[in-house]
Amino acid sequence: MYLSVTGLAKQFGDLQVLKDINFSIEKGQVISIIGPSGSGKTTLLRCLNALEIPDNGIFQFEDGFTLDFTKKQKKQDLLRLRRKSGMVFQSYNLFPHKTAIENVMEGPLIVQKRDRKEVLNLAKSLLKKVGLEDKINLYPYQLSGGQQQRVGIARALAMEPELMLFDEPTSALDPELVGEVLKVIKDLAKDNWTMVIVTHEIQFAYQVSDKVVFMDGGYIVEQGTPDEVIKNPQVDRTKQFLHRIL
Ligand code: ADP
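Every value quoted in this text rests on a predicted model; they were computed, and no experiment measured them.

K.L.:
When you look at the UniProt feature "domain: ABC transporter" (unreviewed entry) in the chain in this model, what are you seeing that I'm missing?
P.N.:
The UniProt feature table records "domain: ABC transporter" (unreviewed entry) at residues 3–242. In the segment residues 3–242, helix accounts for 39% and strand for 25%; the C-alpha atoms at its two ends are 28 Å apart.

And the structure:
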């Protein structure tokens, strides 16, 4: 077990966005989170990276690191949580005044203070991995949305996180650019990266995931293998959602 999440809850003002969320991730597993808009998927993902601080819940990592959100968090524990994962955002969030390779090098150089030559080689190999070896010196505005998102993935990988988090990584893309980004994520799954992916791409979730989590109204309604949740959902709300979307 890489991570176990118990009793996770999060409220924004009067709105209870996450209610008693329980799930676990094995090392090397791919988990997709699906569900209607507003069901709490992004908030759940952001809690895993301390971009949102849960009101309640316990995170237990296999290395013994435990965060209990019923108590006040120490800053260093939140930093430790944040460093475990790399986040890929819907809107890429690249530095516009930096080239592709500078974007990938920024974190390891500035945050991790690693050796420049080593980081340069790492960045080159990651940009090659996402199919952009001939674009390393281009600026974001010179790249398509799909290429920018692939730089975003390389940038998250460059921090060598234990866990990769994807927040609707293809939803800002033109339809013809979705496939190239999904292919990169599939390649990462083959390399045994541990990943949690919020996605509207149900076919992709079916193909790539070890586990699918269906959320609605701040709850996990159903979770299981892709065959269990997508092909043979047991709960009416899951059936209705999939019926609408497929
Ligand atoms: P999903 O990813 O499933 O579309 P979200 O996690 O983005 O759902 O949002 C769940 C609910 O929480 C929505 O009603 C949204 O408006 C609300 N919400 C999300 N972030 C905030 C925030 N920072 N402040 C207030 N409400 C928020």
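Picking up after the structure, the text goes on.
K.L.:
What is the right way to read the nonpolar core from this model?
P.N.:
Side chains that are nonpolar tend, in soluble globular proteins, to be buried together. Judged by nonpolar contacts, the single largest core of 39 residues is most densely connected at Leu 127, Ile 153, Phe 166 and Met 195. Breaking this core down by element, the ones donating at least two residues are helix H3 (100–111), helix H4 (116–129), helix H5 (145–158), strand S7 (163–167), helix H6 (175–190), strand S8 (194–198) and helix H7 (202–208). For this core, the element with the highest residue contribution is H6, accounting for 8 residues. Apart from residues lying up to four places away in sequence, Met 195 is in contact with Gln 29, Val 30, Ile 31, Leu 163, Met 164, Phe 166, Ile 185, Leu 188 and Ala 189.

K.L.:
Can you help me understand the site of the ligand in this one?
P.N.:
In the vicinity of the ligand, the contacting residues are Phe 12, Leu 15, Val 17, Pro 36, Ser 37, Gly 38, Ser 39, Gly 40, Lys 41, Thr 42 and Thr 43. Here Ser 39 contributes a backbone N or O atom positioned 3.0 Å from an oxygen atom of the ligand. A distance of 3.0 Å is found between an oxygen atom of the ligand and a backbone nitrogen or oxygen belonging to Gly 40. For the shell around the ligand, the elements supplying multiple residues, two or more each, are strand S2 (15–25) and helix H1 (41–48). Per element, the largest residue contribution to the shell around the ligand is 3 residues, and it comes from H1. The residue inventory of the shell around the ligand, partitioned by class, reads 4 nonpolar, 6 polar and 1 charged.

K.L.:
Looking at this structure, I do not really get unusual backbone geometry. What am I missing?
P.N.:
Leave glycine aside and you will find that most residues have negative phi; peptide bonds, for their part, are mostly trans. Notably, Tyr 92 is not glycine yet its phi reads approximately 65°, a positive angle. Along the chain, Tyr 92 falls in the loop between strand S6 (85–88) and H3. Positive phi values are uncommon outside glycine, yet Asn 93 reaches one of about 55°. Along the polypeptide, Asn 93 turns up in the loop between S6 and H3.

K.L.:
Whenever I open this one, the pairing of strand S9 (residues 211–216) confuses me. Can you help?
P.N.:
Residues in a regular strand point their side chains to alternate faces of the sheet. Burial of S9 is extensive: 6 of the 6 residues sit out of reach of the surface. Burial along S9 is two-sided: Lys 211, Val 213 and Met 215 and Val 212, Phe 214 and Asp 216, pointing in opposite directions, are all buried. Strand direction decides the pairing type here: S9 and strand S10 (residues 219–224), joined by 5 bridges, are antiparallel. Its bridge partner being in S10, Val 213 is matched across the sheet by Gln 223. Here S9 folds back onto S10, and the loop between the two strands holds 2 residues, one of which, Gly 217, carries a positive phi near 55°.

K.L.:
Any chance you could explain the environment of Val 119 here in plain terms?
P.N.:
Take Val 119: it is sitting in helix H4. On a C-alpha basis, the gap between Val 119 and Ile 136 in space is 14 Å, while along the polypeptide they are 17 residues apart. Contacts of Val 119, omitting those with residues within four sequence positions, involve Met 105, Pro 108, Leu 109 and Arg 114.

About the criteria used
Residues numbered from 1 in each chain as written. Predicted model: local features only at pLDDT ≥ 70, side-chain atom pairs only at ≥ 80, totals over all residues. Heavy atoms only, no water. UniProt positions renumbered as here; feature names shortened; annotations may be inferred. Helix = DSSP H or I, 4+ residues; strand = E, 2+ residues; numbered from the N terminus. Core = buried A, V, L, I, M, F, W, Y, C linked by side-chain atoms within 4.5 Å. Buried < 20%, exposed > 50% of the residue type's maximum accessible area, 1.4 Å probe, protein only. Contact = heavy atoms within 4.5 Å. Near = heavy atom within 4 Å. Polar contact = N/O pair within 3.5 Å; in protein donor to acceptor, adjacent residues only side chain to side chain. Nonpolar A, V, L, I, M, F, W, Y, C, P; charged D, E, K, R; others polar. Pairing = 2+ DSSP bridges.

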